[in-house]
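Notes for the structure review
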Amino acid sequence: MLENKTVFLNGQYLPLNEANISVLDRGFLFGDGIYEVIPSYLGQLFHFKAHFERLEASLQVIRLANPYSYDEWLALLMPLVDATKNEYIYLQITRGVVPKRDHAFPETSVPTVFAMCSPIVVFQGRETGIKAVTMDDSRWQLCHAKTINLLANILHRQAALDAGTAEAILVKDGIVTEGAASNVFIVTEGVLITPPKSNAILPGITRDVIVNLAHEKQLACREEFFTLAQLQAAEEIWVTSSTREIVPVIELDGVCVGKGCPGAVWVQMDAIFQAYKQSLQ
Ligand code: PDD
């Protein structure tokens, strides 16, 4: 049961149902914090260094010092992980509890640090493909930081679910950015394309692994912007994330993508990705 799971909160390990924070925590009041999601395959944290570096970058954006070093984070997280399971760590750091609600940063504060581990449930549709819808990206200009301000993302995701699809693919001024909780790839004339890193997208760790694997295996892969029209004309569309890995999109806005089933490049890349994961065990 999830309730009995041991979690980490502010220096202590305790059962999830005993982990409480104050209503004066700035994460609760303002969404003033950042988070990370790190897969753990049979007890091995997947690309921990990259996740740590992104965590540092997110903290820098919100001007909060990292409460722990790389080694301290590792030591803190490892007791949460089960070496016999595939799980993901969710960790969150907020600007801490304040004496009163005030938008300005407090003069002093102790960050709230929370971490827990949950099972990775293999995403239904990872192998068969999903439907997606496009929508105008309503988010702000700090999408490169993994902040806990996810209201726009959850509204996009819910709108996608309400439309009978699994993901929203977001478009800003005619240019595709990313999914509500994923990065986006297309295959056009056999070439794999994903938007370059910018403040319009989260620099996904799964995205980076795919780009690196493509280069390593000499598959044509470019990081460049593409338009809604290019997305609609793509031979293949994928959305990627730590918890869902590489998911083929087989229908976009009610229209079949390619032949309406996972494409040949996805089959190839998914096999490469799975083999790479295995090689790290
Ligand atoms: N989200 N873009 C957004 C907006 C995301 O929320 C995510 C992942 C990604 C993919 O990043 P990564 O490959 O590092 O998981 C891209 C996580 C899984 C979440 O919020 O639960």
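Residues numbered from 1 in each chain as written. Predicted model: local features only at pLDDT ≥ 70, side-chain atom pairs only at ≥ 80, totals over all residues. Heavy atoms only, no water.

1. Some points on the packing of helix α5 (residues 205-216) against helix α7 (residues 264-279)
Direction vectors running N to C along α5 and α7 enclose 105°, while the axes themselves pass 11 Å from each other. When the interaxial angle is binned, α5 and α7 end up roughly perpendicular. Listed contacts from α7 to T206, V209, I210, L213 and A214 of α5 are M269, I272, F273 and Y276. In the contact of α5 with α7, the residues fall into eight nonpolar, one polar and no charged. (Axes fitted to C-alpha atoms, helices over the stretch in contact; angles between N-to-C directions. Helix = DSSP H or I, 4+ residues; strand = E, 2+ residues; numbered from the N terminus. Parallel < 35°, antiparallel > 145°, perpendicular 65-115°, else oblique. Contact = heavy atoms within 4.5 Å. Nonpolar A, V, L, I, M, F, W, Y, C, P; charged D, E, K, R; others polar.)

2. Focus on the nonpolar core
With 21 residues, the main nonpolar core has W73, L77, I89, L91 and I93 as its most contacted residues. Of all the elements in the fold, those that place two or more residues in this core are β3 (33-41), α2 (48-61), α3 (70-77), β5 (86-94) and β6 (112-119). The element contributing the most residues to this core is α2, with four residues. Sequence-distant contacts of I93, that is, excluding residues within four places in its chain, are made with G33, I34, L55, L59, L64, P67, W73, P111, T112 and V113. (Core = buried A, V, L, I, M, F, W, Y, C linked by side-chain atoms within 4.5 Å. Buried < 20%, exposed > 50% of the residue type's maximum accessible area, 1.4 Å probe, protein only.)

3. Looking at the side chain of T94
Here T94 lies in strand β5. Side chain to side chain, T94 and D25 meet in a polar contact 2.7 Å long. T94 has contacts with D25, G27, D32, G33, L64, P111, T112 and I148, leaving out every residue within four places of it along the chain. (Polar contact = N/O pair within 3.5 Å; in protein donor to acceptor, adjacent residues only side chain to side chain.)

4. Concerning the site of the ligand
Contacts to the ligand come from 20 residues, most closely from Y35, R54, E178, T206 and S242. In the model, an oxygen atom of the ligand is placed 2.8 Å from a nitrogen or oxygen of the R54 side chain. One nitrogen or oxygen atom from the side chain of T206 is found 2.5 Å from an oxygen atom belonging to the ligand. Contact with the protein chains hides 89% of the accessible area of the ligand, taken as 480 Å² for the molecule alone. The site holding the ligand turns out to be the largest pocket. Of all the secondary-structure elements, those providing two or more residues to the shell around the ligand are β3, β9 (175-179), α5 and β13 (236-241). Classifying every residue of the shell around the ligand by side-chain character gives six nonpolar, 10 polar and four charged. (Near = heavy atom within 4 Å. Areas by Shrake-Rupley, 256 points an atom, 1.4 Å probe, with all protein chains shown as cover. 1 Å grid on protein atoms, 1.4 Å probe; cavity = no way out; pocket = protein on both sides within 12 Å on 5 of 7 lines; lining within 4 Å. Sits in = over half its atoms within 2 Å of the grid points.)

These figures capture arrangement, not role.
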